[in-house]
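Now for the letters of each chain:
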Amino acid sequence: MTIDNSSVQVLGIDAGGTMTDTFFVRADGRFVVGKAQSNPGDESLAIYNSSVDALAHWGREVDDVYPELVTCVYSGTAMLNRVLMRKGLDVGLICNRGFEQVHSMGRALQSYLGYALEDRIHLNTHRYDEPLVPVSRTRGVTERTDVQGKVVIPLREAEVRSAVKELVDAGSQAIVICFLQSHKNGTSEQRARDIVKEELKKLGVDIPVFASVDYYPQRKESHRMNTTILEAYGAEPSRQTLKKVSDRFKKHGGKFDLRVMATHGGTISWKAKELARTIVSGPIGGVIGSKLLGEALGDENIACSDIGGTSFDVALITKGSFAIKSDPDMARLVLSLPLVAMDSVGAGAGSFVRLDPYSKSLKLGPDSAGYRVGTCWPESGLDTVSVSDCHVVLGYLNPNNFLGGAIKLDVQRARDHIKAQIADPLGLSVEDAAAGVIELLDLTLSEYLRANISAKGYNPAEFTCFSYGGAGPVHTYGYTEGVGFKDVVVPAWAAGFSAFGCACADFEYRYDKSVDLGVAQLASDEEKAAACQTLQAAWSELAGKVIEEFVINGFKPEDVMLIPGYKMQYMGQLNDLEIISPVSTAATASDWDKIVEAFENTYGRVYASSARSPELGFSATGAIMRGTVVTQKPVLPEDPDCGPTPPPEARIGTRPFYRHKKWVDAVIWKMEALKSGNHIVGPAIIESDATTFVVPDGFETFVDKHRLFHLKEVK
């Protein structure tokens, strides 16, 4: 069978709070990026509009392309926003009697999650959010399983039956069951789940039931309870959003099954049982895309930096791998979800800028203009200055070509607001006030990026920095200057880079289960074999769950490649490491030795070889099973070298550009018209419909064969 190289096969989507990006890939590996303003009321419409924008570059129509697509991966922040805005389902909770307050009490650190240091250290600034489930919809039932998994007080079934009726009468739209130690023995929880379903049927009520042992059978009760509640509270409503997206694709002829980027870096179907794993998916795509580009460039150490309208996200890839957090926090909740390790600061291109009335110091964010850009957009309804207003005033952005000219920006309106709110109170010119805002943002991002690398014991000189996101290329020079990176790379498709990463991700399901194995360094072969049997039993259980998910999506069990893994630490340590197992099955003492060796090698890489402490013994804390199937992925372009001189048609003209207290004429280049090998010296601005790449005085850039721009400081 021959494949038409012009047929479009892959679509990646990044539905952010400000912009919705689409990334289409043809059979020949060529790709195109589209951009549209996000639409919180109807994400499917924003995706459609972004698709129209992208496909116009190829002269194609949505109705022609959607039927060609083989796969589509979505990432977005809808579920996270739903939790933040408290717009989920009314959930009822059944837990152990005497522990009804556990969820509302929360963990102590939840009172200051997301705070800056100055607020963390003062108790009077700490606060708890309203719990997702109030005590009025919480019922305790008699049951107790001890820490070894032994049922010491059997479940009082009559109490469960009474609790169901009370929770339904209280207006519960879903019911969560979470008992102490159920990860060690889930029989009580599973029995309670069955009783709840029986009672709901008797009452004629059709609402979903979530038992923590079916979803997140892991230690740490608050984390497990929060995550299961999140599944009921936010995931089910989000499934309706995703159904709406899927239905729009079908309306225009799409035949593929919509997939969603999961927190662990793989993708799952929107029909998946564990949809809470997709609570934060947009920034994850950028890390996956960076890993693929790093492999193409031969770089093992990468600093991923993503600037959108709202936040600056940083992740590190070391020795070709990114770290996974087992117990992350999200929306001020501690969770039991595997999450690609990322750090985020609430400062982006849409961040609001305010002047402290007492200290006269500038403050950025944490709130943002989102899709409304700033006061420079007359229809925004905003009257507070944003970073984007400063970009427009300084000549960084073309007011007539924002989103390809879809919306027009008013430079004078931005000037008036900056003058009244910042410049006049500080006694500065409008240009110097705007430039000060940009320099403050760049300094904030630079220090944050440098600290993230140095705090982990690394040297920036060992890293290549990838800069992406809609606002990444505007600020790349500012937050990388002087840091000393080995290389700084801006992809031509930076605006849709997270969507690109989604298209690169594996179709992968992952399940985790807590195990508690302690094995001494000099344990007998029998003890090692017994540990292997426990680990293998957990793998077998999880493999069944993984295969079940793929079968729901139309795959056969034999299509699935299973990848076992585990979490391990030295006995007595607080933090474990996640390891891909060197053995496919674990049964013998020899297998255990290989498992330990893989852990020690990873430990030496993450920390230091001298820090290894085998004499403490080894504790396997969790079993992991991942399953993947083969999917279509994008191929990086390989363009012929066209020499350092850009083609004449790539030059658009010049535009005044303000930096270092003076206006200069920056040469404007059309990004799509630049060729492989082209070399550009600043001051220059490289424009595309979706993003703007600023190359000021003292910087130069060249385009490589993969359409990656390499930014360098001129010595």
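Residues numbered from 1 in each chain as written. Predicted model: local features only at pLDDT ≥ 70, side-chain atom pairs only at ≥ 80, totals over all residues. Heavy atoms only, no water.

K.L.:
Run through the layout of surface pockets, naming residues and quoting values.
P.N.:
Looking at the second largest pocket, its volume works out to about 620 Å³. Considering the residues around the second largest pocket, the lining is formed by 28 residues, among which Phe31, Val32, Ala492, Glu672 and Arg707 are closest to the centre. If one sorts the elements of the lining of the second largest pocket by residue count, strand 3 (residues 31-37) sits on top with four residues. The residue makeup of the lining of the second largest pocket, split by class, is 15 nonpolar, five polar and eight charged. (1 Å grid on protein atoms, 1.4 Å probe; cavity = no way out; pocket = protein on both sides within 12 Å on 5 of 7 lines; lining within 4 Å. Points joined across faces, edges and corners; volume = space filled by probe spheres on them. Helix = DSSP H or I, 4+ residues; strand = E, 2+ residues; numbered from the N terminus. Nonpolar A, V, L, I, M, F, W, Y, C, P; charged D, E, K, R; others polar.)

K.L.:
Can you lay out the domain arrangement of the chain for me, pointing to particular residues and giving the numbers?
P.N.:
Partitioning the chain into domains gives domain 1 (8-83 + 238-278), domain 2 (86-234), domain 3 (300-485), domain 4 (507-629) and domain 5 (648-713). For domain 2 and domain 5, the distance between their C-alpha centres works out to 55 Å. (Domains from an automatic or database assignment.)

K.L.:
Outline helix 6 (residues 157-169), supporting the account with residue identities and numerical values.
P.N.:
Compared with an ideal rise of 1.5 Å per residue, which puts 13 residues at 18 Å, helix 6 spans 19 Å between its outermost C-alpha atoms and is within 8% of the ideal. Listing the buried residues of helix 6 in full gives Val160, Ala163, Val164, Leu167 and Val168. All buried residues of helix 6 project into a common sector of 125° when viewed along the axis, lining one side. Turned more than 90 degrees away from the buried face of helix 6 sit Ala158 and Asp169, all of them exposed. Looking at the buried positions of helix 6, the neighbouring elements they touch are strand 5 (91-96), strand 6 (138-141), strand 9 (174-177) and helix 7 (187-203). (Expected span 1.5 Å × (residues − 1). Buried < 20%, exposed > 50% of the residue type's maximum accessible area, 1.4 Å probe, protein only. Arc of directions from axis to C-beta. Contact = heavy atoms within 4.5 Å.)

K.L.:
Account for the sheet that holds strand 6, with residues named and values stated.
P.N.:
Across the sheet, four strands lie side by side as 6-5-9-10; this open sheet has parallel pairing. Sheet topology places strand 6 and strand 10 (209-211) at the edges, where each strand pairs with a single neighbour. The average undirected angle you get between the axes of adjacent strands in this sheet is 20°. In this sheet, strand 10 lies alongside strand 9 in parallel orientation, the contact comprising three bridges. In the sheet register, isoleucine 177 faces strand 10, and the bridge partner there is alanine 211. Where helix 6 meets the sheet, its contacts fall on strand 5, strand 6 and strand 9, and the angle it forms with strand 6 comes to roughly 175°. (Pairing = 2+ DSSP bridges. Axes fitted to C-alpha atoms, helices over the stretch in contact; angles between N-to-C directions.)

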